[in-house]
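Single-letter residue listing:
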Amino acid sequence: MLHRYHSLLFRIALAISLISLLIGLGVLLPLPRSGQAQTGPENEEETEAEPPPPLVELNEDVIKRATVFIMQTYNTEGQPNISCVGSGTLVSADGLILTNAHNALPSEMCPADTLVIAVTVRLDEPPIPTYTAEIVDASRGLDLAILRINGHLDGRGIEPGSLQLPFVELGDSEAVALDDTITIIGYPNIGNDPVSVERGTVSGFTAEARTGDRAWIRTSATIPGTMSGSGAYNRDGKLVGIPTIAPARSGGVTVDCRVIQDTNRDGRADQNDTCVPVGGFISALRPSRLARGLVRATALGIRQGEELTGSTAAATAGSPVFSRPFFSTRINEAGVPANVVSGVPGGIDSLYLFFDYDNMVDGLIYELRVTVDDVPDAIYSLPPVTWSGGARGTWYIGSSGTPWRNGFYDFRLFIEGREATSARILIGGGPRDNPAFSDIIFGLLDADGNLAGTNYVLPEGSGIQARFNYRNMAPGTPWTHRWFYEGTELFRNDESWDGGDQGTRIITAQADFLPGQYRLELYIESVLSATADFVIAGGAEVASAVIFDNFRFATDVAEGAPAGTIRSEFSAGTERLYTFFDWRLLAPGTTWTRRWLVDGDVLFEVTGPWDAGPDGQNYFVSLDSLGTLPDGTYGLEISIANVVLHSVTAKVGLGQLPVEAFASAAGAQMVGRITDADTGQGIPGAMFIVLDAEYSIEDFTWTQAQVLGVSLADSQGYFQIPALLPRGTLDEPILYSVLARAEGYLPLSADGIIVVDQTKSPVEINVELSRN
């Protein structure tokens, strides 16, 4: 089988030669090529009588052509070597690609100096290496990245905005429901098979800390590992998920790593050569909502700018660990477990596994394996994926809205293939009337003795109150509350229960509560029954913590202070935007989140440890642009412990994004066949060109700016223009001009092809060419 993989390397080298040759002959325009189209209907009336397709069949060819094969490559002695492979999807006509971060970012496993992009020219053939790409933005934790096509394989650059490639639109992943049918389109092997289609249903959703109950969409589809980074589509042909799996490891060693080339140049491809890691079958999809900010920011030319950084936060040291696993059946809005359970009655539809972690790094591979009555269960497991929680804290995985069947569940967590911790729970045999604590919330007592300012971020002080619910408690029952500061026990009280059977209770902890991370654990007869973390930071103001204040927007920074224009409204053409603020009583290492938005939609979200001192002025974060920031209302949100503490906005220009800021993939597809007028046979390699609506055939001077799309006919003469044709209206129709040419034939052209809202897609154009 190795010769098949060597052929891929050969195609990379061959593609470079062919591009140069075609340019020299004046045949190849610097535009993408397209190939075989599906044969159009011969009888329009019959087609209209057919029922609508059950999935995305009308758009499937477009989606296939928008799907790319990504190769991370490096050169050895002038020869290309493939280190890692995956799939990706074009999300803009000018060459933006959405994929997994592990498909693009160089790593120890995937050394790379060049990203090679292979595209489908003919739907029934393997992809052809055509372009190079650069990484625009990436999130190792979410395992998502945006690439931009920036050149041809022969080294020629591509001007931004000059490409007209087929692309897809992101759909609403929040609208995806259980048992929905989805279609996955990607490359099923290491570049030696055509783009492939897999279909399945949504089997559930997996929750994760910070990303909520829909951190993952689960599917019954059988998806090969090389489709990681591709697209999953709803019935409307919109991308709603990104199939994601990192190469599985066992004991730190990659499980499936294939030798496909002679990397050490000893004349043999064997175990002494570098292998290409491949993930196992994929059952988890990252929802498109988690990619929308990356795509949106890249399309707008916005990027995260500089920010103030310090060096006071503790550095990660030691081996990564998971510890203190426990189960909960409910989570509140702050991501805090409402209870702790060791067994639950049958019929539950939500369960979460919580655990502490330390010394983790975003991008590490972790995995959850679940067995039910000793039988592996993929529904509740999480395949190998990348870590996104930062260095230390508390995490959870689970699901809600999906019934959990009865049985003994064993949960085993792995880090880089090594088992880290485990926990067991019985579903179906759990007692219903055991004594229990739940729903811990923290606050300060007001003048009337009531709990005020209840949340999980409290100001510095000497007394903290915790309120919790209790049920099925009997007088004299032993119970304990333990308080911790930065992982070390601060104090504990062992008591006998003196309250009623059920209700609400408030307990007070008297201590010098310095800024930092705290935890309360409640035990009943030495068994953990409830727990919650909270943060002490800032000074008190009406029972609330004031940590950040004095927010200011500016266009520049000078000597660590706001400079340039300082206001909240800025003129159009502003290149960058800084937000400055002061802070107090914030312990270094405290986890905080900053979130940039434009017109209310999230662009960037960064969570990490506070790395400046406990008090100070003029901390700043910023947005930058590739040119100028688009008109819009820009917002910054700051949160700690999932509690939004501050939200500020500034306007640029009109304060609203222009309507045309984002392209739509909704348009008319143009397909057809070019045949010999005498024989009726298809003409392979014939060129079909669609001009931009502004130009007629008479205007055409063979410049790239005049061309909307171009396609080379396949071996049967079929073509398909990759770019969709924008539609006009009946009152203002859009007219297109087309040209067909082939070597040895007279060219043929036409003006005035009308495309409006009512035009049926695909638009079929069949052309007969006569020989010279």
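Residues numbered from 1 in each chain as written. Predicted model: local features only at pLDDT ≥ 70, side-chain atom pairs only at ≥ 80, totals over all residues. Heavy atoms only, no water.

1. A closer look at the pairing of strand E46 (residues 643-652)
Right, on to step 1. By the bridge criterion, 2 bridges tie strand E40 (residues 569-570) to E46 in an arrangement that is parallel. Following the sheet pairing, Phe570 is matched in E46 by Val652.
Right, on to step 2. With 9 bridges joining them, strand E45 (residues 632-640) and E46 adopt antiparallel strand pairing. Note on E46: the bridge partner recorded for Glu637 is Ser647.
Right, on to step 3. The antiparallel hairpin formed by E45 and E46 contains 2 residues in its connecting segment, where Ala641 sits at a positive phi of about 55 degrees. (Pairing = 2+ DSSP bridges. Helix = DSSP H or I, 4+ residues; strand = E, 2+ residues; numbered from the N terminus.)

2. Remarks on the sheet that holds strand E52 (residues 748-755)
Right, on to step 1. Taken together, the 4 strands give an open sheet; going across it, the order is E49-E48-E51-E52, and neighbouring strands pair in antiparallel fashion. Two strands lie at the open edges of the sheet, namely strand E49 (707-712) and E52, each paired on one side alone. Averaged over neighbouring strand pairs, the angle between their axes works out to 20 degrees when direction is ignored.
Right, on to step 2. Where strand E51 (residues 734-741) meets E52, 6 bridges bridge the pair, whose relative direction is antiparallel. Note on E52: the bridge partner recorded for Ala740 is Leu748. (Axes fitted to C-alpha atoms, helices over the stretch in contact; angles between N-to-C directions.)

3. So, the pattern of salt bridges
Right, on to step 1. Overall, the coordinates contain 29 salt bridges when judged by the stated rule.
Right, on to step 2. Of the charged contacts, one joins Arg122 and Glu125 as a salt bridge, the two residues approaching to 3.9 Å between their closest N and O atoms.
Right, on to step 3. With a relative accessible area of 26%, Arg122 lands in the partly exposed category.
Right, on to step 4. Using a relative accessible area of 35% as the deciding quantity, one classes Glu125 as partly exposed.
Right, on to step 5. Among the ionic contacts, a cluster of salt bridges with common partners joins Arg324, Asp356, Arg482, Glu489, Arg519, Glu521 and Asp533. (Salt bridge = Lys/Arg side-chain N within 4 Å of Asp/Glu carboxyl O. Buried < 20%, exposed > 50% of the residue type's maximum accessible area, 1.4 Å probe, protein only.)

4. Considerations on the packing of aromatic side chains
Right, on to step 1. Using the criterion set out here, one finds 50 aromatic pairs in the structure.
Right, on to step 2. Taken together, a centroid distance of 4.8 Å and an interplanar angle of 35 degrees make the contact between Phe700 and Trp702 tilted.
Right, on to step 3. With relative accessibility at 37%, the residue Trp702 sits in the partly exposed group.
Right, on to step 4. Directly above the ring of Phe414 sits Arg369, whose terminal nitrogen or CZ lies 3.8 Å from the centroid. (Phe/Tyr/Trp six-rings, centres within 6.5 Å; stacked < 30°, edge-to-face > 60°. Lys NZ or Arg CZ within 6 Å of the ring centre and 35° of its normal.)

5. Let's talk about unusual backbone geometry
Right, on to step 1. Positive phi, normally seen in glycine, also occurs at Ser526, with a value near 70 degrees.
Right, on to step 2. Here Ser526 is to be found in the loop between strand E34 (516-524) and strand E35 (527-536).
Right, on to step 3. For Asn642, which is not a glycine, the phi torsion comes out positive at approximately 65 degrees.
Right, on to step 4. With respect to the helices, strands and loops of the structure, Asn642 is situated in the loop between E45 and E46.

6. With respect to the side chain of Thr206
Right, on to step 1. With respect to the secondary-structure elements, Thr206 resides in strand E8 (residues 196-208).
Right, on to step 2. Not counting chain neighbours up to four residues away, the residues in contact with Thr206 comprise Gly212, Asp213, Arg214, Ala215, Trp216, Arg218, Leu382, Ile397 and Gly398. (Contact = heavy atoms within 4.5 Å.)

7. A look at the sheet that holds E34
Right, on to step 1. Read across the sheet, 5 strands follow the order E29-E35-E34-E31-E32 without closing on themselves; strand pairing throughout is mixed. If you trace the sheet from one side to the other, it starts and ends with strand E29 (457-458) and strand E32 (488-496), each paired once.
Right, on to step 2. Summarising the sheet, strand E31 (residues 478-485) and E32 pair through 8 bridges and their orientation is antiparallel. Residue pairing across strands places Trp483 opposite Phe491, the latter belonging to E32.

8. Let's talk about the confidence of the model for the chain
Right, on to step 1. When pLDDT is averaged across the chain, the result is 86; 88% of the residues are at 70 or more.
Right, on to step 2. Per-element averaging of pLDDT across the chain places helix H2 (residues 44-49) at the bottom with 37 and strand E18 (residues 321-328) at the top with 98.
Right, on to step 3. Per-residue pLDDT stays below 50 along residues 1-6; that stretch engages in 15 contacts with residues further than four places along the chain or on separate chains.
Right, on to step 4. Every residue in residues 16-58 is under pLDDT 50, and counting partners more than four places away or in other chains gives 85 contacts. (pLDDT = per-residue confidence, 0-100.)

9. Digging into the nonpolar core
Right, on to step 1. If you look at the biggest cluster of nonpolar residues, it comprises 47 residues, and the most contacted ones within it are Leu90, Ile97, Leu98, Ile117, Tyr131, Leu147 and Ile149.
Right, on to step 2. Those elements giving two or more residues to this core turn out to be strand E1 (67-76), strand E2 (79-90), strand E3 (96-99), strand E4 (114-119), strand E5 (128-139), strand E6 (144-152), strand E11 (239-243) and helix H4 (289-300).
Right, on to step 3. Here this core takes 5 residues from E4, the largest share from any one element.
Right, on to step 4. Other than its neighbours up to four places away in sequence, Ile97 contacts Val68, Ile70, Gly88, Thr89, Leu90, Val91, Ile117, Ala145, Ile146, Leu147 and Ile149. (Core = buried A, V, L, I, M, F, W, Y, C linked by side-chain atoms within 4.5 Å.)

10. With respect to the pairing of strand E21 (residues 365-372)
Right, on to step 1. Burial analysis of E21 places 7 of its 8 residues in the buried class, the great majority of the element.
Right, on to step 2. In the sheet, E21 pairs with strand E25 (residues 407-415) via 7 bridges, with the strands oriented antiparallel. Looking at E25, one finds that Val372 is bridged to Tyr409.
Right, on to step 3. As judged from the 2 bridges shared by E21 and strand E22 (residues 375-376), these two strands associate in the antiparallel manner. Of the residues in E22, the one forming a bridge with Thr371 is Pro376.
Right, on to step 4. Here E21 folds back onto E22, and the loop between the two strands holds 2 residues, one of which, Asp373, carries a positive phi near 50 degrees.

11. What about H4?
Right, on to step 1. Helix length check: H4 (12 residues) gives 17 Å between terminal C-alpha atoms against 16 Å at 1.5 Å per residue, within 8%.
Right, on to step 2. Those residues of H4 that fall on the buried side of the exposure criterion are Leu290, Ala291, Gly293, Leu294, Val295, Arg296, Ala297, Thr298 and Leu300.
Right, on to step 3. Looking at the residues trailing H4, positive phi occurs at Gly301, about 75 degrees. (Expected span 1.5 Å × (residues − 1).)

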